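# Residue-level structural notes
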Amino acid sequence: MHTWKRWSWRYRVGALFALALLLQGSNCPLGGSRTFLATDPTYTVPGVGEVFRFVDIEEERGASYVIKEIDPSTGRYWRIYPGDPRYGLIAAYFGNLSRGSSNPPDRSSLPGGTGTPPPPPVQ
Amino acid sequence: MRLRLALIASLLAAPAMAQQNAGGEGLANRIAAATDALSRYRVFNDGVWASASGASIDDRRTGLSRKVTVRALQFGYDHNFLSPFTPYDALLVGVAGSVLNASSRADAQNLQIDSKGYSVTGYGVYAPYVFLSFPVSVTVTRWSSDQTRDGTPLQPVYSTNYKSTSWSSSVGAALTLPVWRFLMTTTLAHRYSDNKRPDYSEAINPLATDFVTTPSEITQSSQLAGTFRLTLPTETGRVWVLAGYTYDIKRSPAEDTRSEFPLGLGADLITRRWLVGVSGQAILREDITSYSGSFTGRLQF
């Protein structure tokens, strides 16, 4: 085992490797913030403004329903966490889908709900 | 040596350089798209819910007057797919089961029917855009009924029991538009309901050697329903009111009136994981009024 000499080929390869890792890490899309593209759809949420529909999870703040909102002055977005007054407005907007199972049943599907009475009793 | 060094350097640096030009590079876009697709499917796509509901029907038609009550306890699970086919769409599919209890008290012949039932519902909503959705639901219910009615002096009470199967379905389209601070949802749906009661026999003497048989009957309704719902999202949930018009395309046995008018209101409390809601509805029809209410809790994970 011999020590690495400055500017030896081993030193240069090591430095290049470290540099490559740093560059790669700074731009790695995994685990980092997602960049939104101009083609991503946005929605006008009443009382809030333009919003990306997006659900995310962050280790430091736990599982949360995160919406990204565009800042009109800079074009950048930020996350809206529970606790933010606008969070409820956004969640209600995106959670407004009809579940399709809330209609009460019609009389005709209930025994005795409608229908012809039986013939009168006979002796 | 120099050649080897240059080769190693270019191999190591290439991926980093490719990602430096993330703005227009195909590879970076593909990675971003893949990450996007993964993260969209990650959390809060599942929900379980439970609902307790009750309904009361007051039928005041001459000769057919009756009071019907239904109580139901329902449990469901659904999964929400964000962007399953396009960047704009959403799909929700779910399944629910319920236990039911119904009673019918008709004035004529003091006819009393007490039923217990259980049902299975499959439901789904496809929303190609956030403002347009197509809700669908199908329910099958199996009922077990005990029936009594006034008899004759020889046999004061005629009694019997039978089982029946009911189907209910709803298929529709809903358009939601933001208007000032409100969300205005207009829904057009087709609703179908039926119940196939089998024929039954009642003993007409105390020794139960003589019987009278009532033939089977299918009751059904096919309706076109238009509803208009105004929702006010608040910082902690939402409140909504609903008004509509329902037209009977077909009803068996036939009835003189074809129109009914549903009215409703409700409120939901929404937190990060929970949704708790109450709702009430009245359906007004000539000589028939229905009231229903429900309490729902939903946990999302």
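Because the structure is predicted, anything quoted here is derived from the model rather than measured.

### Describing the overall build of chain B
Looking only at helices and strands, chain B has 2 helices and 14 strands in total. By the burial criterion, 30% of the 301 residues in chain B qualify as buried. A fraction of 51% describes how many contacts in chain B between residues 6 or more apart in sequence connect residues 24 or more apart.

### Topic: the sheet that holds strand E12 (residues 259–270) of chain B
All names here are of chain B. Overall, antiparallel pairing links the 12 strands, which are arranged E1-E2-E3-E4-E5-E6-E7-E10-E11-E12-E13-E14 in a closed barrel. Looking at each pair of strands side by side, their axes are set apart by 15° on average, direction ignored. As judged from the 17 bridges shared by strand E2 (residues 66–82) and strand E3 (residues 90–106), these two strands associate in the antiparallel manner. For Phe81, the partnering residue across the bridge sits in E3 and is Leu91.

### Comments concerning the environment of B:Ala55
Residues and elements named next belong to chain B. With respect to the helices and strands, Ala55 occurs in strand E1 (residues 46–59). Among the residues examined, Ala55 registers 22 C-beta atoms within 10 Å and is labelled buried. Residues Ala55 and Thr69, 14 residues apart in the sequence, show an inter-C-alpha distance of 5.6 Å.

### Focus: the environment of B:Asp248
Residues and elements named next belong to chain B. With respect to the element layout, Asp248 can be found in strand E11 (residues 237–252). Sequence separation of Asp248 and Thr289 is 41 residues, and the distance between their C-alpha atoms is 16 Å. Ignoring anything within four residues of it in the chain, the contact list for Asp248 reads Ser221, Gln223 and Arg258.

### Concerning unusual backbone geometry
With omega at 0°, the peptide bond leading from B:Ser252 into B:Pro253 counts as cis. Along the chain, the position of B:Pro253 falls in the loop between E11 and E12. Notably, A:Trp7 is not glycine yet its phi reads approximately 65°, a positive angle. Positionally, A:Trp7 belongs in the segment before helix H1 (9–27). Unusually for a residue other than glycine, B:Asp287 sits at a positive phi of about 70°. Mapped onto the elements, B:Asp287 comes out in the loop between strand E13 (274–285) and strand E14 (288–300). Classification of B:Asp287 as partly exposed rests on a count of 14 C-beta atoms within 10 Å.

### Topic: the environment of B:Pro156
On the secondary structure map, B:Pro156 appears in the loop between strand E5 (132–150) and strand E6 (157–179). Separated by 48 residues in sequence, B:Pro156 and B:Ile204 have C-alpha atoms that sit 8.8 Å apart.

### With respect to the nonpolar core
Grouped together as the largest cluster of nonpolar side chains are 11 residues: A:Val45, A:Val51, A:Ile80, A:Tyr87, A:Leu89, A:Ile90, A:Ala91, A:Tyr93, B:Leu183, B:Ile270 and B:Leu275. Top element by residues in this core is helix H2 (residues 85–94) of chain A. It accounts for 5 residues. Setting aside chain neighbours within four positions, we find A:Val45 in contact with A:Val51, A:Leu89, A:Ile90 and A:Tyr93. Listed in part, the 9 residues of the second largest apolar core include A:Leu110, B:Ala55, B:Val68 and B:Ile288.

About the criteria used
Residues numbered from 1 in each chain as written. Chains lettered and ligands numbered in written order. Predicted model: local features only at pLDDT ≥ 70, side-chain atom pairs only at ≥ 80, totals over all residues. Helix = DSSP H or I, 4+ residues; strand = E, 2+ residues; numbered from the N terminus. Buried ≥ 20, exposed ≤ 12 C-beta atoms within 10 Å, placed from the backbone. Contact = placed C-beta atoms within 7 Å. Pairing = 2+ DSSP bridges. Axes fitted to C-alpha atoms, helices over the stretch in contact; angles between N-to-C directions. Core = buried A, V, L, I, M, F, W, Y, C linked by C-beta atoms within 7 Å.

Shape descriptors only; they carry no functional weight alone.
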